[in-house]
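# Breakdown of the fold
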Amino acid sequence: MSTRPNIVLVHGAWADGSSWSAVIERLQADGYHVTAPQFPESSLAADVARLRQVLDRQDGPTVVAGHSYGGQIMTALGTDAPNAVALVYIAAFGLDQGESIGGLLAQGPITPALAHLDIDKQGFAWIPEDDFVNHFAADVDPVKARVMFAVQQALSASTLEDVMGVPAWKSLPTWFLVAEGDQAIPPDAERQFAARMGATTVEVATNHVAMISHPDEVVQLIEAAAQAVQAGD
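The structure displayed is predicted, hence computed values, not measured ones.

Thresholds, definitions, all that
Residues numbered from 1 in each chain as written. Predicted model: local features only at pLDDT ≥ 70, side-chain atom pairs only at ≥ 80, totals over all residues. Heavy atoms only, no water. Helix = DSSP H or I, 4+ residues; strand = E, 2+ residues; numbered from the N terminus. Rg over C-alpha atoms; globule rule 2.2 N^0.38 Å. Buried < 20%, exposed > 50% of the residue type's maximum accessible area, 1.4 Å probe, protein only. Contact = heavy atoms within 4.5 Å. Areas by Shrake-Rupley, 256 points an atom, 1.4 Å probe, with all protein chains shown as cover. 1 Å grid on protein atoms, 1.4 Å probe; cavity = no way out; pocket = protein on both sides within 12 Å on 5 of 7 lines; lining within 4 Å. Points joined across faces, edges and corners; volume = space filled by probe spheres on them. Nonpolar A, V, L, I, M, F, W, Y, C, P; charged D, E, K, R; others polar. Pairing = 2+ DSSP bridges. Right-handed = clockwise from strand over helix to strand, strands pointing away. Core = buried A, V, L, I, M, F, W, Y, C linked by side-chain atoms within 4.5 Å.

For the rest of this paragraph, the subject is the overall build of the protein chain. Scanning the protein chain for helices and strands turns up nine helices and nine strands. What you see for the protein chain is a C-alpha radius of gyration of 16 Å, in line with the 17 Å of a compact globule of 233 residues. Overall, the C-alpha framework of the protein chain stretches about 50 × 35 × 30 Å when taken along its three principal axes. Among the 233 residues that make up the protein chain, the fraction classed as buried is 53%. Contacts in the protein chain between residues far apart in sequence, at least 24 positions, make up 72% of those at least 6 positions apart. Within the structure as shown, the protein chain displays about 9,400 Å² of accessible surface, and the carbon and sulfur contribution to it stands at 51%.

In this section: empty space enclosed by the protein. For the structure on display, the rule yields one cavity of 30 Å³ or more. Within this model, the largest cavity holds a volume of roughly 90 Å³. As for the largest cavity, its lining consists of 14 residues, of which Trp-14, Ser-68, Phe-93, Ile-101 and Leu-114 are closest to the centre. Of the residues contributing to the lining of the largest cavity, the split by class is 12 nonpolar, two polar and no charged.

With that settled, consider the pairing of strand 9 (residues 200–204). Sheet analysis places strand 8 (residues 174–179) next to strand 9, joined by five bridges and oriented parallel. The partner of Phe-176 across the bridge, within strand 9, is Thr-201. Of the crossover connections in this fold, the one passing from strand 8 over helix 7 (residues 187–196) to the parallel strand 9 is right-handed.

Let's shift gears to the nonpolar core. Ranked by size, the top nonpolar core spans 77 residues in total, and within it Trp-20, Leu-51 and Ile-222 carry the most contacts. Among the elements that line this core, the one with the most residues is helix 9 (residues 215–231), at seven residues. When neighbours within four sequence positions are excluded, Ile-222 is seen to be in contact with Ile-7, Leu-9, Trp-20, Val-23, Leu-27, Ala-65 and Val-88.

Another point: the environment of Leu-95. Looking at where Leu-95 falls in the secondary structure, it is placed in the loop between strand 4 (84–90) and helix 4 (101–105). For the pair Leu-95 and Trp-169, spaced 74 residues apart in sequence, the C-alpha separation works out to 9.2 Å. Excluding its chain neighbours within four sequence positions, the residues that come into contact with Leu-95 are Gln-72, Thr-75, Ser-100, Ile-101, Leu-104, Met-164, Pro-167, Trp-169, Phe-193 and Arg-196.

Turning our attention to the layout of surface pockets. Reported here for the largest pocket is a volume of approximately 230 Å³. Along its surface, the largest pocket is lined by 13 residues, and Ser-18, Ser-19, Lys-144, Met-148 and Ile-212 are the ones closest to its centre. Among the elements of the structure, helix 1 (21–29) and helix 6 (142–150) are those that each provide at least two residues to the lining of the largest pocket. For the lining of the largest pocket, the leading source of residues is helix 6, giving three residues. Of the residues in the lining of the largest pocket, the class split is eight nonpolar, three polar and two charged.

Structure below.
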């Protein structure tokens, strides 16, 4: 391919597109066309539909990077991911067919960031402030972490029970950043995801929100994926 691939960034639960701000600035400075849309998080189906909408708007090959639940969204694209040529998982869920997030989390002790989820009357899950600041965004400046808490976007609890179909990573090359200090997704689960998808993997001494606390390392991995698919065209 003669030009650089586009980059689409998929935010996770309890976050929005602005969580990618530091990554976006760096990618744009390096000449990449970047899109970081907002996802409703009202259902997995709605989130996948939004991602398809955004991918359809891209004018060529596109690298998709997802954080946390964002990995679930891009994995659920299945075998028909318009314009997508690579997937980059940033401390993200990379489930296989027949698995669910809730089923995975139930296999071990509940992680500190998710220990006290507050489910409201509409069935949406919120993270309390102490858990958000001290565990979800533990290596972010507390002042900034409290801002992130204030703008958190609740996740429909139904997404925890959604069972994965054929995952997109079975037909696309993958890269994976394992967050060694993750207090939301167990790091060993991330290693398992990366190993079974055969991902090019890096491990970073970071907590869950790596794109905020370690944007340089996240950009390096996304650009490595972009350069690999560009060179392979």
